[in-house]
Amino acid sequence: MVHISRICFRKYGNFMDNLRLYVRGGTGGMALPRLGGHGGNGGDVWVVATKNMTLKKVKDKYPLKRFLGGPGGNSSVRALKGERGKDEEISAPVGITVTADDGSILGELNAEGDRVLVAKGGSGGTPYSALLPKKGQAKHIRLDLKLIADLGLVGFPNAGKSSLLTALSSATPQIASYAFTTLRPEIGKLMYPDYKQISLADLPGLIEGAHINKGMGHKFLKHVERTQQLLFVVDVSGFQLASKTPFRSAFEAVQLLTKELELYKEELVSKPALLAVNKMDLPDAEDKLEELKVQLQNPEEFTNLLPDDMIPNNFIAFRHVIPVSASTGFGVDHLKNCIRLSLDEYAAMETSSVHQEKLQALRQQSCERL
């Protein structure tokens, strides 16, 4: 039997996935006017990936959100070279991208213990600098959390993503018949009999225009970037977000989701993807499923169903199309098996690719020696 555990961010209060901080490296120490010497360099400021850390914890612990490196020690008669200032470390969760205010990426924290230098301390005074030290770097930085998960659930509101994850687990996320019941990411973990674990990110629902930050917009889409694969979830009967918005069939929903991902970041649609067709317990579901399968086999023939500006440049070829019913449990076990199979196949392909690259490099080295 597959066991599921759930990590829910609600236990820390309001979920945060970005935080702006002020950082400043320490000022260097003075050189000794009479004897010269060398003042100690100021301490650096680092962001360090730490286990069981959240951005909410960082904000609560440091409400001023200011982090300063220690000042360098002055040169003295006893020690012509001053002591180096103490480094300041900012603990942050794994999955953080560290950026400057201008959007430039300073580094990423992909594993526990990863470190990013965000503000270098100033150099100490020397005879070459008229004995005067330099100030440390000062800037504002942003910590942007992008969840790392094996599989990211992608779907419009009311597609049944939360219900589906509930069917896979014993957790009870907020579920209702209105849009945006999932307002913050949650991670579910599947554990298989051989102790293999797979993480699934249940992410806020998209709407048309998410790529330009409508609805949950970029708050959702950025989390898709670090998932290995995507699990599209659509209502077999289609959906309508509101009375003033057009009704969308299951096929239209798939292609509109694809286009939203493509417009946000084109490489997202190159990720391996599965499709869960939900609510198969509804009337006429089988007929609608067969219609969807035909449309997915030749999507180019049905582009007339889509607005001209929402036709994907590249249609996704799903590795598996799995009919399910989150409310009755139909197809859920098959979905678990397909998820495992798809991820295992992808891992095997990556391993083979790495081996081929290493083999090619060895051959090239041999040729160069000859």
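Conventions adopted
- Residues numbered from 1 in each chain as written.
- Predicted model: local features only at pLDDT ≥ 70, side-chain atom pairs only at ≥ 80, totals over all residues.
- Heavy atoms only, no water.
- Pairing = 2+ DSSP bridges.
- Helix = DSSP H or I, 4+ residues; strand = E, 2+ residues; numbered from the N terminus.
- Axes fitted to C-alpha atoms, helices over the stretch in contact; angles between N-to-C directions.
- Buried < 20%, exposed > 50% of the residue type's maximum accessible area, 1.4 Å probe, protein only.
- Phe/Tyr/Trp six-rings, centres within 6.5 Å; stacked < 30°, edge-to-face > 60°.

The protein has the name GTP-binding protein 10 in an unreviewed UniProt entry, where Ameca splendens is given as its organism.

Read from one edge to the other, the open sheet built from 3 strands follows the order β5-β3-β8, with strand pairing classed as mixed. The sheet is open, and its two borders are formed by β5 (88-92) and β8 (115-119), each paired with just one other strand. The sheet shows a mean angle of 25° between the axes of neighbouring strands, taken without regard to direction. Note: strand β3 (residues 45-49) against β8, 4 bridges, orientation antiparallel. Looking at the pairing, tryptophan 46 lines up with leucine 117 of β8.

The buried fraction of strand β13 (residues 227-235) amounts to 8 of the 9 residues, a majority that puts the element mostly inside the structure. As judged from the 5 bridges shared by strand β10 (residues 149-154) and β13, these two strands associate in the parallel manner. Bridge pairing links leucine 153 to leucine 231 in β13. Across 6 bridges, the pairing between β13 and strand β14 (residues 273-278) is parallel. Bridging across to β14, leucine 231 finds its partner in leucine 274.

Aromatic ring pairs are described here by two measures, namely the spacing of the ring centres and the angle between the planes. Inspection of every chain in the model, using the stated rule, returns 4 aromatic pairs. For the ring pair phenylalanine 156 and phenylalanine 239, a centre distance of 4.8 Å and an interplane angle of 25° mean the geometry is stacked. Linking phenylalanine 156 in the loop between β10 and α2 (161-168) with phenylalanine 239 in the loop between β13 and α4 (250-264), this pair joins segments that are 83 residues apart in sequence. The exposure class of phenylalanine 156 is buried, given its relative accessible area of 3%. Look at phenylalanine 239 and you get buried, because its relative accessible area is 13%. With a centroid separation of 5.2 Å and an interplanar angle of 75°, the aromatic rings of phenylalanine 232 and phenylalanine 318 are classed as edge-to-face. Taken together, the residues span a long stretch of sequence, with phenylalanine 232 in strand β13 and phenylalanine 318 in the loop between α5 (285-297) and β15 (321-323) at a distance of 86 residues.

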